[in-house]
Amino acid sequence: MSLKGKTLFITGASRGIGLAIGVRAARDGANIAIAAKSDQPHPKLPGTIHTAAREVEEAGGKALAMQVDIRDENAVAEAAKKCAEHFGGIDILVNNASAISLSGTLETPMKRFDLMFGVNVRGTYVSSQACLPYLKQSAKAGRNPHILNLSPPLSMKAKWFAPHVAYTMAKYGMSMCVLGMAEELRKAGIAVNALWPRTIIATAALQMIPGIDPSEGRKPEVMADAAHWILTQPCGECSGNFFIDEEVLRRAGGSDFRKYAVDPGRTPRTDLFLD
């Protein structure tokens, strides 16, 4: 149950859940490629690829900070190549980067629509495609390769589409990549799974969404611990799943989730796409 010596390519890992997953793996002694856009400090969002790299190294791992727009297939291919050359391969891809706009059809500018589809769907597909040759090499070497998309279980209930059609389609696009690639890559020995939180996760990005109180959420570490469990499972026995963080941690023997709560005195708010 360790990621020691494994190399993870994580998109959007400069902050939030992506960073938490990287830091958790780093505690095992993993190598973390931080592929994100934030090279300079953002006026509203804390963290850059450089501050993330420091956190990874302080946790005991090795870091490679790369400024990458995951919508650019050439830039992603170059980043994957650089990561593989630097660390000797790629064993795990975490498609974490995502854009969100919880807006109705009239209120969603096409620029925002294109951003969500560009980052969520195209970015996930591009990153998977770029890392796939190295993941196949990892499989041949018996290094238990995984792809993990941070996306929800698929559901065709209208209530998940009606309030924000564009965002739902974009997130479900990531999940459809899991559905298809898990079966496509099964014979290649590469596991492909999705992970989604039972509750809202208190990240800096969440604070920018009106009407949502981060104190009703859990810390990103709950997703990091769940991701760690998934990524240490045998790839041949764990693929094509749409995991929920709380269910994963219960399976791993956890029962007390208060340590993840931002405010232990409040009941965590259930996330989107879950009944």
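Keep in mind the model is a prediction, meaning the values are calculated, not measured.

Under the counting rule described, the total for this entry stands at 15 salt bridges. Between Asp28 and Arg24 there is a salt bridge, and its shortest N-O distance comes to 3.3 Å. Assigned by exposure class, Asp28 and Arg24 land together as buried. For Lys157, the salt bridge is made with Asp275, and the minimal N-O distance between the two is 2.7 Å. Within this pair, whereas Lys157 is found in the loop between strand S5 (146-149) and helix H5 (165-184), its partner Asp275 is found in the segment after helix H7 (245-251), the two being separated by 118 residues in sequence. One salt-bridge network, in which partners are shared between bridges, spans Asp213, Glu216, Arg266 and Arg269.

Structurally, Asp256 is set in the segment after H7. Classification of Asp256 by relative accessible area gives partly exposed; the value is 38%. C-alpha separation for the pair Asp256 and Met223, spaced 33 residues apart in sequence, amounts to 14 Å.

Between helix H1 (residues 16-26) and helix H2 (residues 49-58), whose axes approach to 8 Å, the crossing angle comes to 25 degrees. Viewed along their axes, H1 and H2 adopt a mutual orientation that is roughly parallel. With respect to the hand of their crossing, H1 and H2 are arranged in right-handed fashion. The segment H1 lies against H2, with Leu19, Gly22, Val23 and Ala26 engaging Ala52, Glu55 and Val56.

Of all hydrophobic cores here, the largest spans 43 residues; its most connected members are Phe9, Met66, Cys83 and Ile90. For this core, the element with the most residues is H5, which contributes eight residues. When sequence neighbours within four positions are dropped, the list of residues in contact with Ile90 reads Thr7, Phe9, Ala80, Cys83, Ala84, Cys131, Tyr134, Leu135 and Ser138. One finds Ile34, Leu231, Phe243 and Val248 within the second-largest nonpolar core, a separate group that totals 39 residues.

Parameters and conventions
- Residues numbered from 1 in each chain as written.
- Predicted model: local features only at pLDDT ≥ 70, side-chain atom pairs only at ≥ 80, totals over all residues.
- Heavy atoms only, no water.
- Salt bridge = Lys/Arg side-chain N within 4 Å of Asp/Glu carboxyl O.
- Buried < 20%, exposed > 50% of the residue type's maximum accessible area, 1.4 Å probe, protein only.
- Helix = DSSP H or I, 4+ residues; strand = E, 2+ residues; numbered from the N terminus.
- Axes fitted to C-alpha atoms, helices over the stretch in contact; angles between N-to-C directions.
- Parallel < 35°, antiparallel > 145°, perpendicular 65-115°, else oblique.
- Left-handed = near helix turned anticlockwise from the far one by under 90°.
- Contact = heavy atoms within 4.5 Å.
- Core = buried A, V, L, I, M, F, W, Y, C linked by side-chain atoms within 4.5 Å.

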